[in-house]
Structure formats: C-alpha cells, structure tokens
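Given next are the chains, with one letter for each unit.
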Amino acid sequence: MAAVLVLPAWGKHAGVSHAVRAPTEPTERWLRRHGDPQLRALAGALPSEADNPGYRRAADAYDAAALLADRPQELLDLVASIVLSRDGLMAIAKRTSRPRPPCFLNPLHGCSSGIRRWRSVLIHCPHADVPACSGCASASYESDRLILRALDYEGRSRPYFHIAGYWARTGFGAFEPDLPQRVLERLKVD
Amino acid sequence: MALGLARQAREQTAREEAQRQLLKLGKLLENSAVPLAAADQSLLSRALDAYEAAAKVLDHAHDLADIAGVFVLIRMGRDAAAAAESGRAQKPATIDLCFFDPLHGISARHVRWRPLGQREALVVRACAECADRIRQRRQPDALTCQIHGHDVPYYEVDPRHSVWAATGYGQFTDDLIERVLTGFPPA
C-alpha cells in the first residue's frame, strides 16, 4: 500500500505541521476549495505577527500566493499558491525565515520531514536526493500514486517535474530556498 | 469597551483642535487684504472655499476620518492664503500629510506602496513610520473607519461613500475642496 494513503485528511494546519493526503491530479475546483482557507488563514495571521522573525518570509509568501491565486496562468500556479500559503504559515508557526521545503514528490502533501534518495528507474527524476514528507519518505518506491501529475503541452498526464517550466525547475521550493521572493521577481510586481 | 472609549477620547481631542485651527484660519482670512492681481484673488478665493469646506465637514463630521479631512482642508486654506498674501501667485503647496493617516502629520515623503497580494502600486506621501512599515512589508498604521462593526482602512471604503477614499485626502486629485462643497456628506 502506498504510504500516502495513511496520511491524515486536510484540516486547518494541513501541510504545515504535518503532511496530508492529496490527489495526484487535482482539479482547479479542488485546488481552490483547499487553497482559499489556507490563504485566508495566512492573511488573518499576518497583522499580529509583525515582530515574528518569520514575518518577512510570511508576508512575501502571502503576497506571492495571493497573486498566483488571483491570476493563475496554469493549474500548477494554484498548487504553488497552496505551497506558498503553507510556507508563510510555517514561517510564523516556527518563527523562522527558512521554513522546511515541501515534499518534492507531491508538494500538496505539505512540509518535508527529511531527504529521500530517488530509487525508481521507471520514473526518471532529475535529482538524486529529494525532500520528502513523512509518508513519501517511508514509501518503498516512488509510484504513480505518490507523484503530482500535470498535463503537458500535448495534453498528456506526466509527473510535474517532467514538464519543462518554473515549477519543475524549483520543485515548488524543494530546490529553491527563497521561493516567495523568487516568485515575486518572476511576477514582476516590484 | 476600553478601545471604544479611547477612540472617542481621541476623536474629541481632534475635534476640539480642528475647531481651534478653523477659527484661526477664519481670523487669518478676515484680516487678509484683497490682492490686486487676479491670480492672487483666485488664490484667496480658493482659501475661502477651503475654509467653507472645512467648516462644512466639521459640522457633519461623524468619525475621525472626517475630522482628519478638516485638518487637510484647513492646511489647503492656509497654503492658498499664504500664496495669495505673498503676491507671487505661486501654486499652493501640494498636500504633504501622510496618505495613510493625515493625523500622522507633515514631513511626509513619497513611497511606492503595493498592498500584499495586489498587482497595482500607488506612489503616495507617507510619514517616516508608515514609510518604514511599507519597506518592512508591514501594514501601514492606517486611519480606519468602522464599517459594519469592523475597522477598515479609510482608503478601502467604497469611494462612492467616502470623499476621502476617492481622493486620498487630496493626494490623487486636486479637486477635494470642490468635491466637499458639492457632495459632502455623501447621500
């Protein structure tokens, strides 16, 4: 059985303090239904956290998450919006400007708990070691049931990191420690 | 309860100070000689309009946002009167009060402000503290209005219902005086 199936369901702190279940091919409706409450939670937390060492990171994360949710160019932008909201919530909760990166296999699982050596020969990964959530870290191999997928330019479903683009390059922050700031630069708002 | 009382006390103090400054402007205008040059007469007329607008707002003021508007209008009146008096028909100085709360006072500098999560940015004048907060990505210390029991920054109020939100207390448009004279309080 794939380890992801034993992860808890979504709650208020889904993916922030613990990893959660998530679909491998989420719809826009699913992403909005699960993303909006976390974005609102971060917006509500910011005003009283100005003295928190993680404030600046959280403010940037909220800024980037809200901008992506407001005008997504692709479905993966909505995934990124959720990842960024959690990044901000984690920065506040852990009082840090460097929260843990998300699970590389499926960033919707939430925060990583360690590094996993990539084993699968069937699914090529551009990285030898990847951050993984508790469920994915303990899985015996990287199966299709764990990995976030998206449609490529020809409409074929593929692991997201096989589709050339910004999210494949950064692993939604798994390989970009300052994701909020980099996303803001990419959006050219400042 | 305590916050509400503190707010009322602050409002009362501001109202009394606005009354005092308005009276002072009235006396200044009473004693102003009518200038000879048409351009200076126009400035004096602007000062009188600003005085009238400030008095109108003070009469109908129902919160601190309105009282802040009185201070802005008094300042416009004083600047126009001083320009008329100088006889150089210079353009009155632009509003140099903090956009986020004119009660923060003068010494405002230009800042580029983009609220978190929004694409559009504004260039406004802000006091040193608000400018620092913006630089640190914190919320500026904004003057708020009570909307349905919630404190909302005045600039987020529907501009159809607030001349202050519509004009940024005169930072976005130069017709604040006319808008107040013709459309305050809003219907």
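Thresholds applied
- Residues numbered from 1 in each chain as written.
- Chains lettered and ligands numbered in written order.
- Predicted model: local features only at pLDDT ≥ 70, side-chain atom pairs only at ≥ 80, totals over all residues.
- Helix = DSSP H or I, 4+ residues; strand = E, 2+ residues; numbered from the N terminus.
- Rg over C-alpha atoms; globule rule 2.2 N^0.38 Å.
- Contact = placed C-beta atoms within 7 Å.
- Buried ≥ 20, exposed ≤ 12 C-beta atoms within 10 Å, placed from the backbone.
- Arc of directions from axis to C-beta.
- Expected span 1.5 Å × (residues − 1).
- Bend = angle between axes of the 7 residues up to and from the residue.
- pLDDT = per-residue confidence, 0-100.
- Core = buried A, V, L, I, M, F, W, Y, C linked by C-beta atoms within 7 Å.

**Student:** So what's going on with the overall build of chain B? Which residues, and what values?
**Tutor:** Helices and strands together make up the secondary structure of chain B, namely six helices and four strands. Reading the secondary structure of chain B in the N-to-C direction produces α-α-α-β-β-α-β-β-α-α. Relative to the globule expectation of 16 Å for 187 residues, the C-alpha radius of gyration of chain B, 17 Å, shows essentially globular dimensions. Overall, the C-alpha framework of chain B stretches about 55 × 35 × 30 Å when taken along its three principal axes. Put simply, of all contacts in chain B between residues at least 6 apart along the chain, 55% involve residues at least 24 apart.

**Student:** Tell me about the overall build of chain A, and please be specific about residues and values.
**Tutor:** Within chain A one finds six helices and four strands. Ordered by position in the sequence, the α and β elements of chain A form the string α-α-α-β-β-α-β-β-α-α. Expected size for 190 residues packed as a compact globule is a radius of gyration near 16 Å; at 15 Å, chain A falls within 12% of this value. Projecting the C-alpha coordinates of chain A onto the three principal axes gives extents of approximately 45 × 35 × 30 Å. Counting all 190 residues of chain A, 44% fall into the buried class. If you take every contact in chain A between residues at least 6 apart in sequence, the share linking residues at least 24 apart comes to 64%.

**Student:** Account for helix α6 (residues 176-183) of chain B, with residues named and values stated.
**Tutor:** All names here are of chain B. Residues of α6 that are buried include every one of Leu176, Ile177 and Val180, and no others. Down the axis of α6, the smallest arc covering the buried residues is 105°, so these residues share one side. Of the residues in α6, the exposed ones pointing more than 90 degrees away from the buried face are Thr182 and Gly183. Elements in contact with the buried residues of α6: α2 (38-60), α3 (64-86) and α5 (163-167).

**Student:** Residues and numbers for helix α1 (residues 28-45) of chain A, please.
**Tutor:** Residues and elements named next belong to chain A. Here α1 contains 18 residues, and its C-alpha end-to-end distance of 25 Å stays within 8% of the 26 Å for a straight helix at 1.5 Å per residue. Gly35 marks the point of greatest bend in α1, at about 30°, and the proline Pro37 comes within the next four residues. Those residues of α1 lying buried are Leu31, His34, Gly35, Gln38, Leu39 and Leu42. Where α1 is buried, its residues touch α2 (55-70) and α3 (75-93).

**Student:** If you had to explain the confidence of the model for chain B to someone new, which residues and values would you point to?
**Tutor:** All names here are of chain B. Chain-level pLDDT for chain B is 90 on average; 95% of the residues reach the 70-or-more range. Per-residue pLDDT, averaged within each element of chain B, yields its smallest value for helix α1 (residues 2-30) (90) and its largest for α5 (96). Confidence metrics for the complex model read pTM 0.83 and ipTM 0.81.

**Student:** How would you summarise the nonpolar core if you had to cite specific residues and measurements?
**Tutor:** Generally speaking, soluble globular proteins have nonpolar side chains that are buried together. Membership of the largest hydrophobic core comes to 51 residues, with the highest contact counts inside it found for Ala58, Tyr62, Ala65, Val79, Ala80 and Leu84 of chain A. Elements that contribute at least two residues to this core include exactly α1, α2, α3, β2 (129-132) and α6 (179-187) of chain A. Formed by 48 residues, the second largest nonpolar core is a distinct cluster that contains Ala68, Cys127, Cys130 and Leu143 of chain B.

**Student:** Can you explain unusual backbone geometry? Please cite residues and give values.
**Tutor:** Phe184 of chain B connects to Pro185 of chain B through a cis peptide bond whose omega is -5°. Within the secondary structure layout, Pro185 of chain B lies in the segment after α6. In this structure, Phe172 of chain A takes a positive phi of about 55° despite not being glycine. Residue position: Phe172 of chain A is located in the loop between α5 (166-170) and α6. For Phe172 of chain A, a count of 28 C-beta atoms within 10 Å corresponds to the buried category. Positive phi is not limited to glycine here, since His148 of chain B has a value of about 50°. Mapped onto the elements, His148 of chain B comes out in the loop between β3 (144-147) and β4 (150-153). When the 5 C-beta atoms within 10 Å are taken as the criterion, His148 of chain B is described as exposed.

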